[in-house]
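Observations on the three-dimensional arrangement
The primary structure of each chain is shown beneath.
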Amino acid sequence: MANIVLLHLVNLFLIVEVVIKGTKMGVEALSMDYYVTRCPFVESIVRNTVNQALQNDPTLAAGLLRMHFHDCFVQGCDGSVLIDSTNDNTAEKDSPANLSLRGYEVIDQAKQAIEGLCPGVVSCADIVAMAARDAVFWAGGPVYDIPKGRMDGRRSKIQDTIALPAPSLNSSDLITAFGQRGFSAQEMVVLSGAHTLGMARCSSFKNRLNKFNSTHDVDPTLDSNFARILTRTCTAGDNTAVPFDWTSTNFDNAYFNALQLGGGVLTSDETLFMSARTRGIVNAYALNQARFFFDFSQAMVKMGLIDVKEGSQGEVRSSCRKIN
């Protein structure tokens, strides 16, 4: 009972925070109850669709969470990552940075069900944000609510994905990249904790292994035993996947524990522990999972407000894969 009360208090706090921050960021049209009268069943439709998909394939939780991040960091949270390429335009999803994204079919399924009840009302951008939230909770992470009312963007171009932080960035670069979107170093670290779910392909970190990069030895920030495991695994090819931590389908703080042991898979992971500017934050989340959950919830709500389109700035797509 005490845990339930605490969760309700956290939700109440987040709601107050979102109202305050939303007003400051110029997204007054967004609200927690945006669809209460417009499409009252949207939350349950998205949640049920996500839960069913994750029961069949738990690894999709990471995909849905990553999709929201990759959407918001490019042209804002506007569903642009969902748009298919055409003969005269190569869209975001076909960028090398997005080729490993998964879960598009889950968004399509939710959208189709929603359109059957409330045509032209619920944006794809909102569905992506809700699906990420529901995936986090399904995987054992924190419960939190998000404001709704985003419009879908009308632009999706491969060149815009240069805004996505590369896996080779160091801590200073990451602080700069996230800072340009209004995030502090602490918020950058906690959002990096999303890597507690999912896998990384060998192509994104094999430069740290001397077998695949003759210009240097094994990255000294890697645990030597872990480096040998990665090297052996990646002989199977660039698309071979390695989990970020030992509980890759559970949302927990094991990612931060792995960083402390020299087990960060990507350069952008391990640099968080190696840098004096962020090591203390990593240690705090490794020690206290509840603190990680609370801060992650707040950072996710804030991320969902990046460059939100409102009113005539966007549209509600009838299909998430193409502009109306």
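Everything quoted here is computed from the prediction, not taken from an experiment. (Residues numbered from 1 in each chain as written. Predicted model: local features only at pLDDT ≥ 70, side-chain atom pairs only at ≥ 80, totals over all residues. Heavy atoms only, no water.)

**Section: the state of the cysteines**
Enumeration over the complete set of coordinates arrives at four disulfides. Disulfide partner of Cys202: Cys234, at an S-S distance of 2.1 Å. Its torsion about the S-S bond being -85 degrees, the disulfide of Cys202 and Cys234 is classed as left-handed. Here Cys202 is found in the loop between β1 (199-201) and α8 (224-234), whereas its partner Cys234 is found in helix α8, with 32 residues between them in sequence. Each member of the pair, Cys202 as well as Cys234, carries the same accessibility label: buried. When the cysteines of the chain that form disulfides are numbered from the N-terminus onward, they connect as 1-4, 2-3, 5-8, 6-7. (Disulfide = S-S within 2.5 Å. Helix = DSSP H or I, 4+ residues; strand = E, 2+ residues; numbered from the N terminus. Buried < 20%, exposed > 50% of the residue type's maximum accessible area, 1.4 Å probe, protein only.)

**Focus on the pattern of salt bridges**
With the rule as written, the count across this model stands at 18 salt bridges. One salt bridge in this structure joins Lys148 and Glu43, with 2.6 Å as the shortest N-O distance. Of the two residues, Lys148 sits in the loop between α5 (124-138) and α6 (171-179) while Glu43 sits in helix α2 (residues 42-56), which places them 105 residues apart along the sequence. Note on accessibility: Lys148 and Glu43 belong to one class, buried. Residues Asp295 and Arg291 are paired through a salt bridge, measuring 4.0 Å at the closest nitrogen-oxygen approach. Note that Asp295 and Arg291 are positioned in helix α12 (residues 289-303) at a spacing of four residues, about one turn of the helix. Residue Arg291 is classed as partly exposed on the basis of its relative accessible area, which comes to 45%. (Salt bridge = Lys/Arg side-chain N within 4 Å of Asp/Glu carboxyl O.)

**Digging into the side chain of Asp245**
Residue placement: Asp245 occurs in the loop between β2 (241-243) and α9 (254-260). A polar atom in the side chain of Asp245 sits 2.8 Å from the backbone nitrogen of Thr247. A distance of 3.1 Å separates a polar side-chain atom of Asp245 from the backbone nitrogen of Tyr255. Contact partners of Asp245, with chain neighbours within four places excluded, come to His195, Thr196, Asp252, Ala254, Tyr255 and Ala258. (Polar contact = N/O pair within 3.5 Å; in protein donor to acceptor, adjacent residues only side chain to side chain. Contact = heavy atoms within 4.5 Å.)

**Thoughts on the UniProt feature "binding site: heme b" (unreviewed entry) in the chain**
Mapped onto this numbering, the UniProt entry gives "binding site: heme b" (unreviewed entry) at His195. Once you skip the residues sitting within four places of it in the chain, His195 turns out to touch Phe244, Asp245, Tyr255, Leu266 and Asp269. (UniProt positions renumbered as here; feature names shortened; annotations may be inferred.)

**A short note on the packing of aromatic side chains**
Enumeration over the complete set of coordinates arrives at 15 aromatic pairs. Seen from their ring centres, Phe256 and Phe292 are 5.0 Å apart, and the 80 degrees between their planes marks the pair as edge-to-face. Here Phe256, found in helix α9, pairs with Phe292, found in helix α12; they are 36 residues apart in sequence, far enough to count as distant. Given a relative accessible area of 0%, Phe292 falls into the buried group. A network of ring pairs unites the aromatic residues Phe251, Tyr255, Phe256, Tyr285, Phe292, Phe293 and Phe296 as a single cluster. When the ring centre of Tyr104 is taken as reference, the NZ or CZ atom of Lys93 above it lies at 4.2 Å. (Phe/Tyr/Trp six-rings, centres within 6.5 Å; stacked < 30°, edge-to-face > 60°. Lys NZ or Arg CZ within 6 Å of the ring centre and 35° of its normal.)

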